[in-house]
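Read off the chains here:
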Number of protein chains: 2
Amino acid sequence: MALGLAAMGSYRVGGRTVTVAGEPVRELALSSGFATRSDPNGTYVVEAAYVQYFEPAVRNRLPPVLLVHGGGLTGSSWETTPDGRPGWLNRLLEAGFAVHVIDNVERGRAGFSALPGLWNEAPVMRSLEEMWSLFRFGPRQRYARRRPFGGQQFPVEHLDALAARSVPRWTCNTQAQIAALTEAVGRFDQVILVGHSQGGGQAVHVAAACRQRVRAVVAIEPHGAPTSFEAGLALPRLLVVEGDFLDANEPWPALRADWRATLSAWAAAGGTADLLDLPGAGLPGNSHLPMMDRNGDAVLAAILRRLAQDEPIRPFFPAAARPATARRRR
Amino acid sequence: MALGLAAMGSYRVGGRTVTVAGEPVRELALSSGFATRSDPNGTYVVEAAYVQYFEPAVRNRLPPVLLVHGGGLTGSSWETTPDGRPGWLNRLLEAGFAVHVIDNVERGRAGFSALPGLWNEAPVMRSLEEMWSLFRFGPRQRYARRRPFGGQQFPVEHLDALAARSVPRWTCNTQAQIAALTEAVGRFDQVILVGHSQGGGQAVHVAAACRQRVRAVVAIEPHGAPTSFEAGLALPRLLVVEGDFLDANEPWPALRADWRATLSAWAAAGGTADLLDLPGAGLPGNSHLPMMDRNGDAVLAAILRRLAQDEPIRPFFPAAARPATARRRR
């Protein structure tokens, strides 16, 4: 990598002010040298999101990309992969895109709320066992020996590194997350939304609501996306990306039916709706985390080829990263 | 800014594996399209830290800088300031340093643990009122009208933006944070540690323990730093930085006495110990957050001048960012 940047920084979107009253003061030792009394009563800013951005010195002619992580993850999803390769953030910058990376409400640098009575549920964490089967690394019963599906592209020997970047989630913040994402989109004249899983569903939602600002939306195995859209104002291009092994583990057959229903509804409302079936496009073996999979560069290249059909876009990685020849599966 | 990068990415340090057993399964709706049963029993990686790094294409001759945030904050402390100026991360890159930014255990992209029985206390959040007085923006009773100390350099009209980047903290994770920071330092042949507040205390601790790898340690108003050090193996250079208004609000007189005791102990153990008293050095008006203060560039320049006494270092920002002439105070 050798990359010229014109700018980098961060900003926040969304958030609201709440006040706390009537709570008891707490005695705290913040370090060996700093004991204090903490009065929780007062004013707080909650439910804001964090966005980190990078603008390359030499831009392509396409709008900036806003990357939206999935559930239980943060913006670090798009960085160095669990096995230490450059992630899509780097590749998109090399391709000349300005890239904005959100940590949505409750995740990562956005922070979360521990205020009494605000989010009335316990956060949820994902075990390695759950990641193994939910992210389609392998059959549930082969977790113990870490034997993945044949041809698996996720570097399963680095499962611990994935686990270390997983963070707790709540289920009650969807509306706040969509509000923050909507505000982020409102900062652009035109933007390309790329969302993964929960973030893919939210990206489709926001793309339909803010269709004048969104050039295209890429939803990688989304869930929670609407399945009906108002016709009228032109919709941006929608590209849904699906990986491999979708028939092997729950809940993927049902979720696949849902995202295909989203595609049909998008087309019915007059939008261009496109499915990138990775195995069908010569890229077998992808898990639910294609941005971390070994062939992630090739997956991103396939996405950009579909997106940029009408636009010139310069190649962004060397020949070595081209789609691998299909390996034997299962 | 126009910056050439040779590399950027992220990695994790620290962490351990724990298992959960005997907990009930929970019904969850992860989005409108994805209801599932969540089984919390299984294996987790907890107490890892996240580090994001940037390597400029043209490096100076000094070791990389590792930035360690304070309590209730994350690595975003070093980015764009609450009023939208480039932060120390950018300035250090412009000055030719490789920069590594930690989100330590429990903070930001490091994630936190919500596992039953692991961290047996509620996390703590900081209200705007507490920030106002604890960070020495102004007298406690002037929070309501947001009237700061005269000459205050923190952009108090952007207090909400600071609040939005504040995150909950626990008090039980100091050892895990020091372990992660120690592992991070172990990745370098030589490193300069710059720590703020709680992170400053931890940086001093780790610098003394890993003195062969640490070229210098800068502790900005640290707390929790040791006040005795083993003599013997040469200590790195220690620079403690203190701002203004230290006599005005609690608990600063006591904390100042502590960091001065740390300096004395460092010198007694044979190390070079240096105090940068910002008002005394012609930089009045700094809060507890000099990296976000309006004169932050000048503060960083003063730090680098002290650090680089013996080393050539190229100027890293234009004349406009030089120390402002002293303003009238209080």
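Scroll up a little and you will see the structure.
Right, let's walk through the structure included here. (Residues numbered from 1 in each chain as written. Chains lettered and ligands numbered in written order. Predicted model: local features only at pLDDT ≥ 70, side-chain atom pairs only at ≥ 80, totals over all residues. Heavy atoms only, no water.)

### Quick notes on the packing of aromatic side chains
Consideration 1: Within this structure, the stated rule accounts for 26 aromatic pairs over all chains.
Consideration 2: Between the aromatic rings of Phe-229 of chain B and Trp-266 of chain B, the centroid separation amounts to 4.9 Å while the plane-to-plane angle is 75°, which identifies the pairing as edge-to-face. Residue Phe-229 of chain B is found in the loop between β8 (214–220) and β9 (237–242), and its partner Trp-266 of chain B is found in helix α6 (residues 252–268); the two are separated by 37 residues along the sequence. For the pair Phe-229 of chain B and Trp-266 of chain B, a shared accessibility class is recorded, and that class is buried.
Consideration 3: These aromatic residues form a ring-pair network of at least three members: Phe-112, Trp-119 and Trp-170 of chain A together with Phe-112, Trp-119 and Trp-170 of chain B.
Consideration 4: Just above the ring of Trp-252 of chain A sits the side chain of Arg-136 of chain A; from NZ or CZ to the centre is 4.6 Å.
Consideration 5: The ring of Tyr-11 of chain A carries Arg-187 of chain A above its face, with NZ or CZ at 3.6 Å from the centroid. (Phe/Tyr/Trp six-rings, centres within 6.5 Å; stacked < 30°, edge-to-face > 60°. Helix = DSSP H or I, 4+ residues; strand = E, 2+ residues; numbered from the N terminus. Buried < 20%, exposed > 50% of the residue type's maximum accessible area, 1.4 Å probe, protein only. Lys NZ or Arg CZ within 6 Å of the ring centre and 35° of its normal.)

### Some words on the side chain of Arg-211 of chain B
Residues and elements named next belong to chain B.
Consideration 1: Tracing the backbone shows Arg-211 in the loop between α5 (198–209) and β8.
Consideration 2: For the buried residue Arg-211, which engages in no salt bridge, the nearest side chain bearing the opposite charge is Glu-230, 5.8 Å off.
Consideration 3: Of the polar contacts made by the side chain of Arg-211, one reaches the backbone oxygen of Ala-208; its length is 2.8 Å.
Consideration 4: For Arg-211, the contacting residues outside a window of four places in its chain are Glu-230, Ala-231, Leu-233, Ala-234, Leu-235 and Pro-236. (Lys, Arg positive; Asp, Glu negative; His and termini not counted. Salt bridge = Lys/Arg side-chain N within 4 Å of Asp/Glu carboxyl O. Polar contact = N/O pair within 3.5 Å; in protein donor to acceptor, adjacent residues only side chain to side chain. Contact = heavy atoms within 4.5 Å.)

### Thoughts on the pairing of strand β4 (residues 42–56) of chain B
All names here are of chain B.
Consideration 1: Extensive coverage of β4 is indicated by the burial of 14 of its 15 residues.
Consideration 2: With 14 bridges joining them, strand β1 (residues 3–20) and β4 adopt antiparallel strand pairing. Opposite Val-20, over in β4, you have Gly-42 as the bridge partner.
Consideration 3: With 5 bridges connecting them, β4 and strand β6 (residues 99–103) associate as antiparallel partners. (Pairing = 2+ DSSP bridges.)

### Quick look at the pattern of salt bridges
Consideration 1: This model, assessed by the stated rule, comprises 28 salt bridges over all chains.
Consideration 2: A salt bridge links Arg-91 of chain A to Asp-297 of chain A, with the nearest nitrogen and oxygen atoms 3.1 Å apart. With Arg-91 of chain A in helix α1 (residues 88–94) and Asp-297 of chain A in helix α7 (residues 296–307), this pair connects stretches of sequence that are 206 residues apart.
Consideration 3: Taken together, the shared-partner salt bridges connect Glu-79 and Asp-103 of chain A together with Arg-109 of chain B into one network.

### Focus on the environment of Ala-144 of chain A
All names here are of chain A.
Consideration 1: Along the chain, the position of Ala-144 falls in the loop between α2 (128–134) and α3 (159–164).
Consideration 2: A residue is classified by how much of its surface remains accessible, and Ala-144, at 67% relative accessible area, is exposed.
Consideration 3: Taking the C-alpha atoms as reference, Ala-144 lies 30 Å from Gly-199; in sequence the two are 55 residues apart.

### Digging into the relation of the copies chain A and chain B
Consideration 1: Between the two copies, chain A and chain B, the superposition gives an RMSD of 0.0 Å; the rotation angle is 180° and the shift along the axis is 0.0 Å. Read as a symmetry element, the transformation amounts to a two-fold axis.
Consideration 2: A high fraction, 100%, of the interface residues of chain A reappear at the interface in chain B, so the copies pair face to face through one surface. (Least-squares fit on C-alpha atoms with pLDDT ≥ 70 in both.)

### Some words on unusual backbone geometry
Residue and element names in this part refer to chain A.
Consideration 1: Cis geometry marks the peptide bond from Glu-250 to Pro-251; its omega dihedral reads -5°.
Consideration 2: Note that Pro-251 resides in the loop between β9 (237–242) and α6 (252–268).
Consideration 3: Of note in this structure, Arg-146 is not a glycine but carries a positive phi near 55°.
Consideration 4: Tracing the chain through its elements places Arg-146 in the loop between α2 and α3.
Consideration 5: What makes Arg-146 partly exposed here is its relative accessible area of 32%.

### Examining helix α4 (residues 174–185) of chain B
Consideration 1: Under the 1.5 Å per step criterion, the end-to-end length of α4 of chain B is 16 Å for 12 residues, consistent within 8% with the ideal 16 Å.
Consideration 2: By the burial criterion, the buried members of α4 of chain B are Ala-176, Gln-177, Ile-178, Ala-180, Leu-181, Ala-184 and Val-185 of chain B. (Expected span 1.5 Å × (residues − 1).)

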